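Given next are the chains, with one letter for each unit.
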Amino acid sequence: MTPSLQQTVHDSESVPGIPLNALLLPLPDTARGASAVAVAAVRGDERIVVCSGPAGEDTRFEAGSLTKTFTALLLAELAARGEVRYDDPLDRYLPPGARRDPGPAVTLLHLATHTAGLPRLPPGLFARSVRTGWFRNPYAAFTTDDLLAALPRTRLHHRPGTHVRYSNYGAALLGLALARAAGGGPDDYPALLGERVLQPLGLADTDCDPTRPQVLGHWHGRPRPPWLIPGMPAAGALRSSARDLLRCMTALLAPEAAAPPSLRVALTEVQRPRLALPRTGHRICLLWNLRVRPGGPLLHHSGGTRGCTAFAGFLPGRGAALVALANAAPAPAAPFVQASYAALCGLDRTERRSAARDVPGDGGRELLGGGREGRPLPGGPAHVE
């Protein structure tokens, strides 16, 4: 692919540090099997968008697990309004028939930090998907009713709050609970997200609608139909563009400029570390991964579907952010995500080494979120206030 420098604001060559175009121009070549790539970055008053193939800065890509970071914003927004509390039990927002058998309570914060003890996927999803198209659209036949029916027969892998175990299931339940907490039904997550987060941020290209125009995805070189995940939208149904994702990252860099006030609070709250992982010292915020670095914190998340790969991250202390989208499913070892993370590190003007080894991989699986911590948290999570 021959990437094109679509837009720049400010001459990055004149700014100390690695020029933005030097960081972004190589990224499309790392997206194996992709015919369309859009990457964008901001650093201070510099802004650059690099696109290749038929992509433009407003082209919609499937975001996969990057959706979870928007679910986190929705949680924090409802908490800022007083509609939920982080320590509320999940059962409070579920129909009676969908509640687990008596046992340790799973809270909204457990769901938002992957410490609920839930499996990666809900019981019954794999069997249903094998019958209806695991290699084509594995979540398409799994409905919200199926999600609710799965919970009473779910066994936790560990007591909530004692281990980190990445779970798409947990993020999906969080979105369902938030929709009900706001007075809607279990299927109202997409509408609530639009009302509380997407529209106030001015993200016109972003929603969970698979019928709007979007890039054609690819998996192992073959075109893929639009990604469908009707029963678990909060875990991975979002579509977005480089333009919108960069706008969201900019809002995270300057929460004080957002409106309404509840969203300002939410943009700040999602960045606050909630627990520290043993041995590594890494942090987990509200569904964001945080790396502690000499120049300040780095927050990131990634995502993948059967047809697209997505990455977003930002450096709050440096006023810098990067987003990257490709129309191919994640390749083994996720080189596009790895390269995007390294480029994000390079946005730090003091950075002089490759940081690709710092990014946690997820084996290239769809809905990847950048985290495979299954280790115990001795004495419970080390909460960071």
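Quick caveat, the model's predicted, so the values are computed rather than measured. (Residues numbered from 1 in each chain as written. Predicted model: local features only at pLDDT ≥ 70, side-chain atom pairs only at ≥ 80, totals over all residues. Heavy atoms only, no water.)

Novice: Account for the overall build of the protein chain, with residues named and values stated.
Specialist: What the protein chain contains, in helices and strands, is 11 helices and 13 strands. Looking at the protein chain as a whole, 60% of its 385 residues are labelled buried. For the protein chain, contacts bridging at least 24 residues in sequence account for 70% of all contacts bridging at least 6. (Helix = DSSP H or I, 4+ residues; strand = E, 2+ residues; numbered from the N terminus. Buried < 20%, exposed > 50% of the residue type's maximum accessible area, 1.4 Å probe, protein only. Contact = heavy atoms within 4.5 Å.)

Novice: Which residues make up the pattern of salt bridges, and what are the values?
Specialist: Per the stated rule, a full pass over the model turns up 16 salt bridges. Ionic pairing is found between Asp207 and Arg60, a salt bridge with its closest N-O pair at 3.1 Å. You can see Asp207 sitting in the loop between α7 (189–198) and β5 (217–219) and its partner Arg60 sitting in the loop between β3 (46–52) and β4 (61–62), a full 147 residues away along the chain. Among the residues examined, Arg60 registers a relative accessible area of 3% and is labelled buried. Linking Glu77 and Arg81 is a salt bridge whose minimum nitrogen-to-oxygen distance equals 2.4 Å. Of the two residues, Glu77 and Arg81 are both situated in helix α2 (residues 67–81); the distance of four residues between them amounts to about one turn of the helix. The buried category is assigned to Glu77, whose relative accessible area is 0%. (Salt bridge = Lys/Arg side-chain N within 4 Å of Asp/Glu carboxyl O.)

Novice: Outline the packing of aromatic side chains, listing residues and values.
Specialist: One pass over the structure, following the stated rule, counts two aromatic pairs. Taking the centre distance of 5.2 Å and the plane angle of 90° together, the rings of Trp288 and Phe314 count as edge-to-face. Here Phe314 lies in strand β12 (residues 309–315) and Trp288 lies in the loop between β9 (283–284) and β10 (289–291), a separation of 26 residues in the sequence. The ring of Tyr86 carries Arg274 above its face, with NZ or CZ at 4.9 Å from the centroid. (Phe/Tyr/Trp six-rings, centres within 6.5 Å; stacked < 30°, edge-to-face > 60°. Lys NZ or Arg CZ within 6 Å of the ring centre and 35° of its normal.)

Novice: Outline helix α11 (residues 335–346), listing residues and values.
Specialist: An ideal rise of 1.5 Å per residue puts 16 Å on 12 residues; α11 measures up with 16 Å between its terminal C-alpha atoms. Extensive coverage of α11 is indicated by the burial of 11 of its 12 residues. Pro335, Phe336, Val337, Ala339, Ser340, Tyr341, Ala342, Ala343, Leu344, Cys345 and Gly346 are the residues of α11 that are buried. Looking at the packing, one finds that the buried side of α11 touches α1 (20–24), β2 (37–43), β10, β11 (298–304), β12 and β13 (320–326). (Expected span 1.5 Å × (residues − 1).)

Novice: Lay out the pairing of β11 in plain terms, naming residues and giving numbers.
Specialist: When you tally the buried positions in β11, you get seven out of seven residues, the bulk of the element. Where burial is concerned, the two faces of β11 agree: the one with Leu298, His300, Ser302 and Gly304 and the one with Leu299, His301 and Gly303 are both buried. Both β10 and β11 contribute to a ladder of three bridges, which runs antiparallel. Directly across from Leu290, in β11, lies its bridge partner Leu299. The turn linking β11 back onto β12 is made up of four residues. (Pairing = 2+ DSSP bridges.)

Novice: Can you lay out the packing of α2 against α7 for me, pointing to particular residues and giving the numbers?
Specialist: At a minimum axis separation of 10 Å, α2 and α7 run at an interaxial angle of 70°. The orientation of α2 relative to α7 falls into the category roughly perpendicular. Each of Thr67, Phe70, Thr71, Leu73, Leu74, Glu77, Leu78 and Arg81 in α2 lies in contact with α7, whose residues at this interface are Tyr189, Leu192, Leu193, Arg196, Val197 and Leu198. By residue class, the composition of the contact of α2 with α7 is nine nonpolar, two polar and three charged. (Axes fitted to C-alpha atoms, helices over the stretch in contact; angles between N-to-C directions. Parallel < 35°, antiparallel > 145°, perpendicular 65-115°, else oblique. Nonpolar A, V, L, I, M, F, W, Y, C, P; charged D, E, K, R; others polar.)

Novice: Run through the side chain of Gln271, naming residues and quoting values.
Specialist: Mapped onto the secondary structure, Gln271 falls in the loop between α10 (261–269) and β8 (275–276). Apart from the residues lying within four places of it in its own chain, the contact partners of Gln271 are Leu252, Pro255, Cys285, Leu290, Leu299, Phe314 and Pro316.

Novice: Tell me about the environment of Leu192, and please be specific about residues and values.
Specialist: Along the chain, Leu192 turns up in helix α7. Here the alpha-carbon distance between Leu192 and Ala182, two residues 10 residues apart in the chain, equals 8.0 Å. In contact with Leu192, not counting residues within four places along its chain, are Leu74, Leu78, Leu178, Ala179, Ala182 and Val197.

Novice: Which residues make up the environment of Leu74, and what values go with them?
Specialist: On the secondary structure map, Leu74 appears in helix α2. If sequence neighbours within four positions are ignored, Leu74 has contacts with Leu178, Tyr189, Leu192, Leu193, Arg196 and Val197.

Novice: I'd love a proper account of the side chain of Asp205, names of residues and values included.
Specialist: Note that Asp205 resides in the loop between α7 and β5. A polar atom in the side chain of Asp205 sits 2.7 Å from the side chain of Ser241. In contact with Asp205, other than residues within four places in its own chain, are Asp58, Arg60, Arg212, Arg239, Ser240, Ser241, Arg243 and Asp244. (Polar contact = N/O pair within 3.5 Å; in protein donor to acceptor, adjacent residues only side chain to side chain.)

Novice: Could you give an account of the packing of α2 against α10, with specific residues and numbers?
Specialist: Interhelical geometry of α2 versus α10 gives an angle of 125° and a closest axis separation of 8 Å. When the interaxial angle is binned, α2 and α10 end up oblique. Considering the relative orientation of α2 and α10, their crossing is right-handed. Seen from α2, the contacting residues are Leu73, Ala76, Glu77, Ala80 and Arg81; seen from α10, they are Ser262, Leu263, Val265, Ala266, Leu267 and Glu269. Among the residues making up the contact of α2 with α10, the classes are represented as seven nonpolar, one polar and three charged. (Left-handed = near helix turned anticlockwise from the far one by under 90°.)

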